[in-house]
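# Structural features, examined
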Amino acid sequence: MAVQFIIDSSSDILPQECEKLGIAQVLPLKVIFGSEEYTDGVTMSHEDFYKKLVSSDIHPSTSQVPPADFEDAYEKVTANGDTAVVITLSSKLSGTYQSAMIAAEDYEGKVFVVGSENAALGERCLMMRGLQLREAGLSAAEIAAKLDEEKKDIVLLASVDTLTYLQKGGRVSKAAAVAGGLLGIKPVLQMDGEGHLIKVATARGRKKAIEALADKYGELSYEEKNTPIFISHADCQEDAQKLVDMLKQRHGGEVTLLTEIGPVIGSHAGPDVLALFFLGKHR
C-alpha cells in the first residue's frame, strides 16, 4: 500500500510535472473571464493568462475544484489499495479545501486532507516536504499530521505592483487603491499563518519594494540560511532576478526555485507581483 499525493493547481504545479515529482494528480481550478471559462494549466497557459489579463476589460474570477473532482481522484487512488494525502490552498482564499473535505467523508482512514493555509509556491513547498516524509517511510496519516504542524513555518511575503486588482476582487477599498496609485505605494503583504493576507510594510516605488522583501526575509527567516527559498513572479522575470541577487548579497540566501505565478493567484493579485516563500517565523 503506497502513499499518493493530490494537490490543486493553485500550487502552480503543471499536470505534466506530476510523474517527475511523484504526484498522483493536480486538480485544476477554473479561471473565468465573463462568459469564457478556462481550465488552469490545461486550456490556459500562464503566458496566455497575463496577455488576456492586461488586455481585457473584464476582471477574472476563479472557481474552486468541486467535490466530484476530488471524489474521482480519491477513487482512482484507493481502488488500488493506496492512501492519499491531499494538499489544498488556503481555505481563506477558496472553497477548494471544503470541497476536498466533503469528498473525503466516504474515505475515512484512506484520504487525509491538509489545508496549506498558503498558496502558489507556499503550497508547493508543503508538497515537497510531504514527498520527503513519504521517502522516509511515514504513513499517509503521519505525513498529514506532520504537514499540519510544519505548515506554520512557511512564510509568504509578496509585493503587489498595483492595488487595482485587489480592489476589484474586494480585498482593499477603492479609496485605498486610488491613493496607492497616486502615491506610487507598493504594499508588502504577508500570509499570517492562518491564511489571511496582512500588510507588513509600505514601499514607495518598485526598487524600495524589492528591498523591503529582502529586509523582511532577513528579519523573519530562521538563522539557518540553507533552508529552501522559493520565488514566484507574475510576468516580471527581471524584477524577480533582482530579488534573487539581493537575497544573496544581503543575506547569503540561495534561491531554490524561481517560477511564474499562475492564473489562480494572478486573477486576484494582478501582474507584476513578486512573492517570496521561505521557512521562518510570522512577525
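Everything quoted here is computed from the prediction, not taken from an experiment.

## Things to note about the overall build of the chain
On a plain count of helices and strands, the chain comes out with 11 helices and 13 strands. In terms of C-alpha radius of gyration, the chain reaches 19 Å, essentially the compact-globule figure of 19 Å for 283 residues. Over its C-alpha atoms, taken along the principal directions, the chain stretches across nearly 60 × 50 × 30 Å. Residue pairs in contact within the chain that sit at least 24 positions apart in sequence constitute 74% of those at least 6 positions apart. Element-wise, carbon and sulfur atoms account for 49% of the exposed surface of the chain, whose accessible area totals about 12,800 Å².

## Points about the pattern of salt bridges
A complete count under the given rule lists 13 salt bridges for this structure. In this structure, K216 engages E219 in a salt bridge whose closest nitrogen and oxygen atoms are separated by 3.4 Å. Highlighted residues: K216 and E219, both in helix α9 (residues 206-220), separated by 3 residues, approximately one helical turn. We classify K216 as buried; its relative accessible area is 15%.

## Comments concerning the sheet that holds strand β4 (residues 36-39)
Taking strand neighbours across the sheet as the criterion, the 3 strands line up as β4-β3-β5 in an open arrangement whose pairing is antiparallel. In the strand order of this sheet, the two ends are held by β4 and β5 (61-63), each with one partner. Looking at each pair of strands side by side, their axes are set apart by 30° on average, direction ignored. As defined by bridge partners, strand β3 (residues 30-33) adjoins β4 across 4 bridges and the pair is classed as antiparallel. Looking across to β4, one finds that V31 is bridged to Y38. Strands β3 and β4 of the sheet are contacted by helix α2 (residues 46-55), whose axis makes an angle of about 30° with β3.

## A few points about the nonpolar core
The biggest cluster of nonpolar side chains holds 60 residues, and the ones touching the most others in it are Y74 and V85. Of the residues forming this core, the biggest block, 6 residues, is contributed by helix α5 (residues 121-135). In contact with V85, other than residues within four places in its own chain, are V3, Q4, F5, I6, F112, V114, A140, I143 and L147. V155, A201, L213 and L276 belong to the second-largest nonpolar core, a separate cluster that totals 22 residues.

## Focus on a negative patch on the surface
Taken together, the side chains of D69, E71, D72, E75, E105 and D106 present a region of like negative charge at the surface. Looking at D69, the relative accessible area reads 33%, which means it is partly exposed.

## Focus: the packing of aromatic side chains
For the structure shown, the criterion picks out 6 aromatic pairs. Plain terms: the ring middles of Y74 and Y107 are 5.6 Å apart, the flat faces sit at 75° to each other, and that makes the pair edge-to-face. Of this pair, Y74 sits in helix α3 (residues 67-78) while Y107 sits in the loop between α4 (96-104) and β7 (111-115), and the two are 33 residues apart along the sequence. Considered together, Y74 and Y107 belong to a single accessibility category, that of buried residues. Residues Y217 and F278 carry aromatic rings whose centres are separated by 4.9 Å and whose planes lie at 85° to one another, so their mutual orientation is edge-to-face.

## Some remarks on the packing of α3 against α4
Contact geometry for α3 and α4: axes closest at 8 Å, N-to-C directions at 50°. Classed by the angle they form, the pair α3 and α4 counts as oblique. Seen from above, α3 lies across α4 with right-handed handedness. Within the contact between the two elements, α3 uses P67, F70, E71 and Y74 and α4 uses T96, S99, A100, I102, A103 and A104. Within the contact of α3 with α4, the residues separate by chemical class into 7 nonpolar, 2 polar and 1 charged.

Rules of the game
- Residues numbered from 1 in each chain as written.
- Predicted model: local features only at pLDDT ≥ 70, side-chain atom pairs only at ≥ 80, totals over all residues.
- Heavy atoms only, no water.
- Helix = DSSP H or I, 4+ residues; strand = E, 2+ residues; numbered from the N terminus.
- Rg over C-alpha atoms; globule rule 2.2 N^0.38 Å.
- Contact = heavy atoms within 4.5 Å.
- Areas by Shrake-Rupley, 256 points an atom, 1.4 Å probe, with all protein chains shown as cover.
- Salt bridge = Lys/Arg side-chain N within 4 Å of Asp/Glu carboxyl O.
- Buried < 20%, exposed > 50% of the residue type's maximum accessible area, 1.4 Å probe, protein only.
- Pairing = 2+ DSSP bridges.
- Axes fitted to C-alpha atoms, helices over the stretch in contact; angles between N-to-C directions.
- Core = buried A, V, L, I, M, F, W, Y, C linked by side-chain atoms within 4.5 Å.
- Patch = residues over 30% accessible without salt bridge, like charges linked within 9 Å, V, L, I, M, F, W, Y side chains within 5 Å.
- Lys, Arg positive; Asp, Glu negative; His and termini not counted.
- Charge placed at Lys NZ, Arg CZ, Asp CG, Glu CD.
- Phe/Tyr/Trp six-rings, centres within 6.5 Å; stacked < 30°, edge-to-face > 60°.
- Parallel < 35°, antiparallel > 145°, perpendicular 65-115°, else oblique.
- Left-handed = near helix turned anticlockwise from the far one by under 90°.
- Nonpolar A, V, L, I, M, F, W, Y, C, P; charged D, E, K, R; others polar.

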